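# Understanding the architecture of this molecule
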Amino acid sequence: MRNLKLLKSLRSSELQGPGSPQCLAVRADTGSLLVASHYSITEYDPRTGQVVSEASLTAEGFLPEDGSGMVVGLQDLAELESACLGTAGGDVVLFNFNTCQLECVGSVDSGLTSMTWSPDEELVVLTTGQETIIMMTKDFEPITEVGIHQDDFGEGKFITVGWGKKETQFHGSEGKQAAQRKTQEVQPAAAWDDRTPRVTWRGDGQLFAVSAVCLQTGARKVRVWNREGVLQATSEPINGLEQALCWKPSGNLIAITQRHPNKHSVVFMEKNGLLHGDFTLPFSKDQAKVRSAKPDSRTVLEIYNEPHHLKSARAPSTVQLWVVGNYHWYLKQSLDFSRDSQKAPVCVCWDPERPLRLHVVTRSWISVTYDWGWTTGRSPGLDATDNANVAVIDGDKILVTNFRQCVVPPPMCSFELQLTSPVNQVTFLCQPQRTNQLAALTSDGQISVYSQGGFACLVAMTAITRMNERLCTVCFYFRSEIEVDGVVVSMIHCSQTGTVALQLEDGRIRKLYRPEPSVEDWRDSSGCAINFPVPCVQTALGSISGEEYLFGLTDRSHLYAGDTELASNISSFAVCNDFLLITTHSHTCRCLQLSVLSVKGLQAALASDGGQNDETLRRVERGSRIVTVVPQDTRVILQMPRGNLETVHHRSLVLAQLRKWLDSLRFRDSFECMRKLRINLNLMYDHNPKVFLENMETFITQLNSISHINLFLTELKEEDTTGTMYPRPECSPAQAQPVSGQKKVDVVCDALRSAMESMDPNKFFLSILTTHVKKSVPELEVALQKVHELRVNPPDAPGSVSAEEALKYLLFLVNVNDLYEHSLGTYDFDLVLMVAEKSQKDPKEYLPFLNMLKNLEPNYQRYTIDKHLKRYRKALHHLSKCGEEHFREALLLVKEQKLYSEALRLYPTDGAHYKALSCAYAEHLMEQQQAEQAGLLLWRCGEPAAALQAFASSSSWRNAICAAQQIPLPPDQLALLARDLAGNQKLTEQRRFSEAALLLDQYAKDCEEAILALVTGSVWEEALRLIYMHNRQDITETNLKPALLEAFSTQTAFLEAQVATFTRHRTRLAVVREQKEKARLDMLDDDGPDCPDAELYSEASSVMSGSKYSHSNSRISSRSSKNRRKAERKKLSLKEGSPMEDRALMYALGEILTTVDKMRVHSALKALVLFQFDKQAEKLQLAYDDALQTMEAAVPEVWPEGLQNSQLTGPNSTANSIMASFQQQQRPAASQGQHNV
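Residues numbered from 1 in each chain as written. Predicted model: local features only at pLDDT ≥ 70, side-chain atom pairs only at ≥ 80, totals over all residues. Heavy atoms only, no water.

## Some details on the packing of helix 4 (residues 651-663) against helix 5 (residues 667-676)
Using the following cut-off: Axis lines are fitted to C-alpha atoms, over the contacting stretch for helices. Their N-to-C directions set the angle, which ranges from 0 to 180 degrees. Numbering of helices and strands runs from the N terminus; a helix is a DSSP stretch of H or I covering at least four residues, while a strand is a stretch of E covering at least two. Each angle is binned into one of four classes, with values under 35 degrees roughly parallel, values over 145 roughly antiparallel, values of 65 to 115 roughly perpendicular, and all other values oblique. Take the far helix as the reference: if the near one is turned anticlockwise from it by less than a right angle, the crossing is left-handed, and if turned clockwise, right-handed. Residue contacts are counted whenever heavy atoms from the two residues lie within 4.5 Å of one another.
Helix 5 packs onto helix 4 with a crossing angle of 155° between their chain directions and a minimal axis gap of 8 Å. Classed by the angle they form, the pair helix 4 and helix 5 counts as roughly antiparallel. Classified by chirality, the crossing of helix 5 by helix 4 is left-handed. Counting all contacts with helix 4, which are made through Val654, Leu658, Trp661 and Leu662, the residues of helix 5 involved are Phe667, Asp669, Ser670, Cys673 and Met674.

## So, the pattern of salt bridges
For clarity, the threshold we go by: Salt bridges are defined as contacts in which a side-chain nitrogen from Lys or Arg sits within 4 Å of a carboxyl oxygen from Asp or Glu. With a 1.4 Å probe rolled over the protein chains alone, any residue whose accessible area is under 20% of its type maximum counts as buried; one over 50% counts as exposed, and the rest are partly exposed.
Across all of its chains, the model carries 38 salt bridges by this definition. For Arg220, the salt bridge goes to Asp194, with nearest N and O atoms at 3.6 Å. Of this pair, Arg220 sits in strand 16 (residues 220-226) while Asp194 is found in the loop between helix 1 (177-180) and strand 14 (198-201), placing the two residues 26 residues apart along the sequence. Given a relative accessible area of 37%, Asp194 falls into the partly exposed group. Several salt bridges share partner residues, and in doing so they unite Asp485, Asp506, Arg508, Arg510, Asp521 and Arg523 into one network.

## Some words on the packing of aromatic side chains
Aromatic rings in a pair are described by how distant their centres are and how their planes are angled relative to each other. As a reminder, the rule being used: For Phe, Tyr and Trp, where Trp contributes only its six-membered ring, two rings pair if their centres lie within 6.5 Å, and the inter-plane angle classes them as stacked under 30 degrees, edge-to-face over 60, or tilted in between. Lysine and arginine charges are scored as sitting over a ring when NZ or CZ, respectively, is within 6 Å of the ring centre and within 35 degrees of the ring normal.
Under the definition given, this model contains 19 aromatic pairs. The interplanar angle of 40° and the centroid separation of 4.7 Å between the aromatic rings of Phe279 and Trp322 together place this pair among those described as tilted. Taken together, the residues Phe279 in strand 21 (residues 275-280) and Trp322 in strand 24 (residues 318-325) connect sequence positions 43 residues apart. For the pair formed by Phe279 and Trp322, the shared burial category is buried. Between Phe887 and Tyr907, the aromatic rings sit 5.6 Å apart at their centres with planes inclined by 85°, giving edge-to-face as the arrangement. Of this pair, Phe887 sits in helix 19 (residues 887-897) while Tyr907 sits in the loop between helix 20 (900-906) and helix 21 (912-927), placing them 20 residues apart in sequence. As far as the burial class goes, Phe887 and Tyr907 line up, both buried. Connected via pairs of aromatic rings, a cluster forms that spans Phe667, Tyr685, Phe692, Phe699 and Phe712. The cationic tip of Arg2 hangs over the ring face of Trp374; the distance from NZ or CZ to the ring centre is 4.5 Å. Note that Lys511 overlies the ring of Trp522, its terminal NZ or CZ placed 4.3 Å from the centroid.

## Let's talk about the confidence of the model for the chain
Threshold: Confidence of the predictor in every single residue is expressed as pLDDT, which spans 0 to 100.
Scored by pLDDT, the chain has a mean of 81; 87% of the residues are at 70 or more. Confidence drops under pLDDT 50 across residues 454-478; counting only partners more than four residues distant or on other chains, this segment forms 51 contacts. Here residues 1225-1237 is modelled with pLDDT under 50, and outside its nearest four sequence neighbours on either side it reaches 21 contacts, counting other chains as well.

Below, the structure is given as structure tokens:
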């Protein structure tokens, strides 16, 4: 639904020469025009108006001097830096651009009628006066020569399978009469036809078609040849074919003009010679003759026609531009030239390099260059009064589609505007409330203005060919004329700000100021002039972060905001309200909110691929383009390459509109939109929870539908959709939850239920039931009770639901088995029967069970129900009230379900039941290896003997002694118990030597064993106390001193080993760090001194260790904590060359430091000094002091200051730096090792 908009036209009359132009070509490298006339060939630059080079064709004898000669073909050969032309006399001449010399490279005696080069300039096809085709290479080496008129159809001849006759075949809509219809004789070509062959190449250069007048019938016939000069196909006899011939750019159809008895049309022919579609030209019979038809490199077909005879001699010559879309051909531009034959075009051609640039040369040597661009004629309104109109030019009609009301696929439309002349341009008014008015410029210079319900025609405006050199459109608004220092190629007006921006042909931007009209440079907020780097074919005004910018899209798909390039793969864009919508060549549609983004933010957003839940990005069909955006709506109209339309609701527009509606409390509009577009309904609450809860009654009143309220309730979930599915805009503050600590679903359900019960509980009864069911812990019992109450006391209010309907709805929400069990849990058999009757259960399944329950005592009945429902705590509670006879059953239930704590609370502490439960609980604790707790239970319930066994097995010797004395035990058994608790691998194996010595001394009365236990545990001072207390100095010589010397030897050897290990690890750590630093520097040298990843390399040192080992911890998160610790230790390997060897060495050094710090040297030193082992004490003192000094001196080297002070996390942290910091925090402080004796 795009139109062709004339960007600029360059008219030049400086080119003059004898005779009149005959052929026109364009130099691809310079853009200058090559014009061949009856006398000469001229290279002319229309931009400067200068003749670059010229050579006479008559002086060299290639054309006669009387001007009767003719140039039949002209082609620019960029590779040879020459132009090739063919003359009717048969000469093929090269014109060198550098030397301006002419060279004849070949000659045909019979003369030439045409010369056409292949698109790749590798082959040239010549047609001669003898009706032959000569094919040559670019070096003018002959390939083949064949006759134009061949009797054979060609290699693509159709195969007849031999069944059926024409009379018996199906003839479609023509009916059976077609079988008897006689074949009409083909009429000869028109009298004005020059009867010379026409040649056209397919775009890929593999085939070419020749249209020539048949010698037998005198009518034109088209033949298709391949690149080797072999005939492929011949067209069927067609009446009325004319000389215009061209191959469609896509390469599948050949366009030919055909004259019918009642119309003039362009028909399309396939490469097999069969017709395939057509469209009618806007001429009456014998009104015009089509001289040529030439395709643009893409989609535009140019048709040049002249008046036919005297009746239309006053009609001007026209050049028409046709575009196809959705299998319909639109006349987009009609250029009318003067009725004077001297000013009529004689040569028309497309520019080979610049799309949509057309060159025209008239008979009087006037050259005109037209530049067109694609544009969409859409109404620019921003409010709801704008109908989102799109106007499509189709000859003398304007096809208008109102996209606010309906989407009509082209070529159809909402309504048509019929004008008297072909329309060349259409635009809409840029004034608020009046944006549906449009103005149309026709080919005869008339401007027509249309409004809703009225029509007005303004005075004719002349000089259309030069209208772009001045801002004539401004006259329509300001009734004044302003000179502009350049050619204006586009103008854009913003109705919101009133800004009018102009773009000149070189990309400069100007701003029009009023009320005193003046044109000045466009400047940014800092006062710098802003211009487009290159001219743009589409422009729009928009504000980025409050500053107004002019957006522009070039024909090379580059999008600019002023002089800043935003993206380079944009196929279309539109600015609507606060949003920039674009489609890209990567088949996406982006919608970006301009008010929350900067220019750099726009660049970053357009460069990113978009993440999950990115509301700004949407995938679209390949080649989609934006037609229009419906203002104050969520609809975006896209057009596919084949022409059909598609309406999408872009997520960004939808969410922005929803946020506006929710802020203005338009809950119904929001709900309908979210329901239709499948937006999660949780957004209604999550957008602003406080406001939603405060306006709950407004929400209910606006929805006013039970089904809608229920739909909202059923979609509720705890997830905050504004943080996951629909993130808030960056400028929008986060909304706090109104009730902290409560779940969202429960809050909303309670608030809705409260509001509905206060408004009309009977009307909203089903929704009230939904609020109970939907809570995080469904309140099914409450819901069932309300249904039961409704059944008992049915309301009389109109519109209220019955109990059967409510129960049926409840069964729809909840599984029938779950509902049956919950109804059973209410102990209301009427309610149970009501649910069971509505379910699909067989009465034989539940009636016997219910009858059995009715015959039970109430408490036992409830126990039975709760046990059936596996509600064992409730069952135990009811069973405890059933009396003495059911205690054994209760005790069995407690043991099966391990409800000991609950059972102990239900029975008095002084009863036999409590004691029995305590003993059972103690047995359970003993099985769970919790003997001390079991002993306490047994002790408190009066079972000291059993408690003694439990305490003894748990090494709780104090409680065991107390229980033994409470029994009481005889002295000999008490001594035996004390020996058993102290020895026999109990306290001694736990290294609790002091406690074992206390038991042996005080309760077993064995001082010698007590002293030996203290000596074994290196408790020297306590051992001396008992020795002197019991007067056993002999033990000093026999046991104490030898044990003291052995402890000295052990601690000295241990210190030496720890110091050696510490020194070895310290040396290895220095080597590893040096290797990693070298690797880091080598990597930086490879990437250069300014490598932006230098910091990353410095942190990720473990990656660059050159290790052959690798590791992966992608699955560690799913392991248990024990396995995770094991995996962490495994990563910290001390093996040389491991990836994290440096971390492992630091960890090992820290462990050594901690171990040395915890050594009990002080008591040993005092004992050694006491017994005059001075040398040993001095040696141990020095060894310990040397170890501490060695480790203290190594602390700054092992743990550098920068590493100690590094933060655990931060914007510059990496995975390795975080791990290193974490391990560093686990290392004990070095100061803890600084101890002196």
